[in-house]
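Secondary and tertiary structure notes
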Amino acid sequence: MELGGNAAVLVFDDADLDVAVDGTMLAKMRNMGEACTAANRIFVHRSVAGEFASRVAARMAALTVGPGTESGVDVGPLIDDAGRRKVDSLVRDAIEHGAEVLTGGELPAGPGCFYPPTVLTGVSADAALMRTEIFGPVAAITVFDTEEEALAAANDTEWGLVGYVFTRSLDRALRVAERLETGMVGLNTGLVSNPAAPFGGVKQSGLGREGGRVGMDGFLEYKYVAIPF
């Protein structure tokens, strides 16, 4: 069973920002953010947070919103009006808790279930979107100062499907990946799905794995024979 994500992105001070921005965009905007593996909470080291946020905001603002059947469209509609209302409610709540909007954040006029690509900074731990999957094109950025702080914030959720880590340090990458309470970790990448790899999570993100050799277990019948000695 795969039961949801609330994925965290951790961008450390030694990260290659080109890689981190590309990876975050990939993890955030997959299917307009309506994916269990979509980035939900983005934690960025204070020393690079300003540049990272401005670069992500520029990328998000440049995306074209419209019907997916039209040429040149980057971001289509959300699944239904209830989904759009949920996203807007989470954004409004984050703003009430002190978040700043760098781009987007307003419901567009006209028909359809569209929501603009949005970037929020200074998102409080008390904001509802830190505990609820956004399932929409909203990048919620929070600043951290230490590795311990980043890990504590990333693990402060009942879900544990996937986490994303951006750093140039192999030691840090492996150390953080080990301590992240998730079934999957993307190191310097925003895409973890791979048919040859076991897909699944821990905590309230489900039981078991699909994909890869491990994913075959669910299709096997085991027989146990007890022999006395």
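Before reading further, recall that the structure is shown in the block above.
With that out of the way, let us pick up the nonpolar core. Core analysis: the largest hydrophobic core is formed by 59 residues, its most contacted members being Val-11, Phe-52 and Leu-129. In terms of residue count, the dominant contributor to this core is helix 2 (residues 46-61) (7 residues).

This paragraph deals with the sheet that holds strand 4 (residues 118-121). One open sheet accounts for 7 strands, arranged 3-4-5-2-1-7-8; its pairing is mixed. Every interior strand has two partners, whereas the edge strands, strand 3 (100-103) and strand 8 (184-187), have only one. Going from strand to strand, the sheet's axes swing by 25° on average, the running direction of each strand aside. Where strand 3 lies against strand 4, 3 bridges are found, and the strand directions are antiparallel. What sits directly across from Glu-100, in strand 4, is Thr-121.

This paragraph deals with the pattern of salt bridges. Overall, the coordinates contain 14 salt bridges when judged by the stated rule. With a closest N to O distance of 3.2 Å, Arg-55 and Glu-51 form a salt bridge. With Arg-55 and Glu-51 both in helix 2 and 4 residues apart, the pair spans about one turn of that helix. For Arg-55, a relative accessible area of 26% gives the class partly exposed. The closest approach of N and O atoms between Asp-81 and Arg-84, which form a salt bridge, is 3.7 Å. Remark: Arg-84 and Asp-81 occur in helix 3 (residues 81-96); sequence separation between them is 3 residues, near one turn of the helix. Classification of Asp-81 by relative accessible area gives partly exposed; the value is 33%. If you follow the salt bridges from partner to partner, you end up with Asp-13, Asp-14, Glu-147, Arg-172 and Arg-175 in one network.

With their axes 10 Å apart at the nearest point, helix 1 (residues 17-29) and helix 2 run at an angle of 50° to one another. Taken together, the axis directions place helix 1 and helix 2 in an arrangement best described as oblique. In this structure, helix 1 meets helix 2 at a crossing whose hand is right-handed. Between helix 1 and helix 2, the residues in contact are Leu-17, Asp-18, Ala-20, Val-21, Asp-22, Thr-24, Met-25, Lys-28 and Met-29 and Val-48, Glu-51, Phe-52, Arg-55, Val-56, Arg-59 and Met-60, respectively. When grouped by side-chain class, the residues that make up the contact of helix 1 with helix 2 number 9 nonpolar, 1 polar and 6 charged.

With that settled, consider the packing of helix 4 (residues 147-155) against helix 5 (residues 170-179). It is at 10 Å that the axes of helix 4 and helix 5 come closest, and there the two elements cross at 35°. Taken as a pair, helix 4 and helix 5 cross one another with a handedness that is right-handed. Facing helix 4, whose interface residues are Glu-147, Glu-148, Leu-151 and Asn-155, helix 5 presents Arg-172, Arg-175, Val-176 and Arg-179. Taken together, the residues that form the contact of helix 4 with helix 5 break down as 2 nonpolar, 1 polar and 5 charged.

Within the sequence span of helix 5, burial applies to Arg-172, Ala-173 and Val-176. What you see down the axis of helix 5 is that its buried residues fit within an arc of 100°, all on one side. The exposed set on the far side of helix 5, more than 90 degrees from its buried face, consists of Leu-170, Asp-171, Leu-174 and Glu-178. Taken together, the buried residues of helix 5 touch strand 1 (7-11), helix 4, strand 7 (162-166) and strand 8.

The rules behind the values
Residues numbered from 1 in each chain as written. Predicted model: local features only at pLDDT ≥ 70, side-chain atom pairs only at ≥ 80, totals over all residues. Heavy atoms only, no water. Core = buried A, V, L, I, M, F, W, Y, C linked by side-chain atoms within 4.5 Å. Buried < 20%, exposed > 50% of the residue type's maximum accessible area, 1.4 Å probe, protein only. Helix = DSSP H or I, 4+ residues; strand = E, 2+ residues; numbered from the N terminus. Pairing = 2+ DSSP bridges. Axes fitted to C-alpha atoms, helices over the stretch in contact; angles between N-to-C directions. Salt bridge = Lys/Arg side-chain N within 4 Å of Asp/Glu carboxyl O. Parallel < 35°, antiparallel > 145°, perpendicular 65-115°, else oblique. Left-handed = near helix turned anticlockwise from the far one by under 90°. Contact = heavy atoms within 4.5 Å. Nonpolar A, V, L, I, M, F, W, Y, C, P; charged D, E, K, R; others polar. Arc of directions from axis to C-beta.

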